[in-house]
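Descriptive structure summary
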Amino acid sequence: MSAQPTLSGDPKTKTQIRFHNTMSGQTEPFVPLVPDEVHMYTCGPTVYDYAHIGNFRTFVFQDVLRRYLHSKGFRVIQVMNLTDVDDRIIQKSAAAGVSIREYTDKFIQAYLDDRRALNLEPPEHVARATEHIDDMVKLIERLTEKGFTYTSEGSTYYRIAKFPAYGKLSKIDVAGMQTGARVDMDRYDKDNARDFALWKAHKPGEHFWDTPIGPGRPGWHIECAAMALKYLGNTLDIHSGGVDLTFPHHENEIAESEAATGKTFVRYWLHAEFLLVDQEKMSKSIGNFATLRELFSHGHKPSSVRFLLASVPYRRQLNFTPETLVGAASSVERLRNFAARLAAEKLPEGSSPAMVDRAAKATDDFDRGMADDLNTAQALAAIFDLVRDVNTAMDHGEFRQGDLPAVQDVLTAFDAIFAVLRDDDAEKLKALGIVPAAPALSDADVEARISERQAARKRRDFAASDQIRDELAERGIIIEDSRDGSVRWKRK
């Protein structure tokens, strides 16, 4: 693994990391089971359709979490599942007249492409449920040997009355549950706490697997439990997902895993809140959702979407509106312009202790924000305060060459987590088959046209100079002439 940029000092001892643990309801110091190593399971998508931006709110949070742990010096072993068999996939693939594999492949590829567009790092293991049927069957057999299951009409069910701790994550009360009541659906509400299906009997016309426990297919909840145990061992450091997975999915994973192993399944449960649209939860079921590609096709950049999804702390609901997305685009441009100014400005020699101290304060504020349960809003405030103060110092000639490395180090460490500074949106859109109306000018093309403009100004051909400025403006390039005769430029 390549070295990760860090803010300063020893990354593991800079600030005590604290995460809000859904299990305890408390924000707790984070100490992994194995020093310097984090075993993390992150719930990926159920690939019955294209993932929407509400889903990506959780996936961006998981990427920020992963990148932050890297920045603190931890080796992260992340497993992400792809649920490529469940009730909806069975129904939709049958309706389309294709196999489960053929139906889900296109949505999996689209999801992986969308991840790359948002700069989401690839996990160490991407686990397709259909490639782990044997692991699920073996886990069900272990549960059967321990007396936690029963069969009915060819299906195998988990008997939750045998697991007294059932409900400890979601705090659901099962005292009044009707004995012997069960549910076959993969997804259900809190009011329907019932014995749940581990293995579903084969139905005519449905895809099935022929196994030692009979022909059929797995229930949703056994999939993640089996894959997490296979790759990460009996006890995980972190399990994360959307808050809507707390019950029944994560509750059932606990019941399955801990009944089989006798060990604590997960030490820290982290759940991301909903993304809202005009204060209403984004959901395919009510039709108020948008895919990434729909946003991109309307002119929004991948970096803007990533920034917006990361900017609100994960345990706060995020209200998604056109205005918030425009604001995110403006924030990204401000950061990119600042980085470009640092690289291009002709700075006086020397250094200013006050500016070095200012960079150190930004480091500390950023670090405290991220260590406090990934408070990205606080961390971003530290960065933008630094941008404002350094821009002001540069405007007054008070920022010097020796001050540059400390500020650039802060930006580098920031971008190792937020990943928005590189101006590669056009490349990402092109990779998705979304091409802007006019191809973007490369940096080299822009510099060449600016050199032509400078030459025109030198020979006092102001008409040619203005024409080049206007042409660049039409292509989204803004030119700023400095008092010292140098030229800065930025993209809209």
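Read on for a plain summary of the structure.

Each value, and the rule that gives it
Numbers given for residues are sequential positions, taken from 1 along each chain in its written order. Only residues with pLDDT of at least 70 are given local features in this predicted model, and only at 80 or more are side-chain atom pairs given and counted; all residues enter the totals for whole chains, interfaces and linings. Note: side-chain values were computed over all heavy atoms of the structure, leaving out hydrogens and water. Numbering of helices and strands starts at the N terminus; helices are DSSP runs of H or I of at least 4 residues and strands are runs of E of at least 2. For each residue, the accessible area found with a 1.4 Å probe, counting protein chains only, is set against the maximum for its type, and the residue is called buried under 20%, exposed over 50%, and partly exposed in between. Whether two residues touch is decided by their heavy atoms; if any such pair falls within 4.5 Å, the residues are in contact. Each accessible area is a Shrake-Rupley result for a 1.4 Å probe, and residues are judged covered by the shown protein chains and nothing else. We place a 1 Å grid over just the protein atoms. Points where a 1.4 Å probe fits but has no way out form a cavity, open points with protein on both sides within 12 Å along at least 5 of 7 lines form a pocket, and any residue with an atom within 4 Å of a point lines it. Grid points are joined across faces, edges and corners, and a volume is the space filled by probe spheres set on the points. Each residue gets one label: Ala, Val, Leu, Ile, Met, Phe, Trp, Tyr, Cys and Pro are nonpolar, Asp, Glu, Lys and Arg are charged, and the others, such as Gly, are polar. A pair of strands is labelled paired if DSSP reports no fewer than 2 bridges between them.

A few points about the overall build of the protein
What the protein contains, in helices and strands, is 15 helices and 18 strands. Projected onto the principal axes, the alpha-carbon positions of the protein cover approximately 90 × 50 × 40 Å. Of all 492 residues assigned to the protein, the portion counted as buried reaches 53%. Taking all contacts inside the protein whose residues are at least 6 apart in sequence as the whole, residues at least 24 apart take part in 76%. Element-wise, carbon and sulfur atoms account for 49% of the exposed surface of the protein, whose accessible area totals about 21,800 Å².

A short note on empty space enclosed by the protein
Scanning all chains against the criterion turns up four cavities of 30 Å³ or more. Of the pockets and cavities examined, the second largest cavity occupies roughly 70 Å³. For the lining of the second largest cavity, the elements supplying multiple residues, two or more each, are α1 (53-71) and α8 (302-311). Counting residues per element, the lining of the second largest cavity draws most heavily on α1, which supplies three residues. Its residues placed into classes, the lining of the second largest cavity shows eight nonpolar, one polar and one charged.

Thoughts on the sheet that holds strand β15 (residues 280-281)
Strand order across the open sheet formed by three strands is β15-β14-β16, with mixed pairing between neighbours. Of all the strands in the sheet, the pair left with one neighbour each is β15 and β16 (318-320). Where strand β14 (residues 275-277) lies against β15, two bridges are found, and the strand directions are antiparallel. Among the inter-strand pairings, leucine 276 is bridged to a residue of β15, identified as lysine 281.

A short note on the pairing of strand β7 (residues 155-158)
Residues Ser155 and Tyr157 line one face of β7 and the alternating positions Thr156 and Tyr158 line the opposite face, and both faces are buried. Bridge analysis of strand β6 (residues 149-152) against β7 gives four bridges, and the strand direction is antiparallel. Note on β7: the bridge partner recorded for serine 152 is serine 155. The hairpin formed by β6 and β7 contains two residues between the paired strands, and glutamate 153 there has a positive phi angle of roughly 50°. Taken together, the three bridges between β7 and strand β9 (residues 195-201) define a ladder with antiparallel strand orientation. Bridge assignment links threonine 156 to a residue of β9, and that residue is tryptophan 199.

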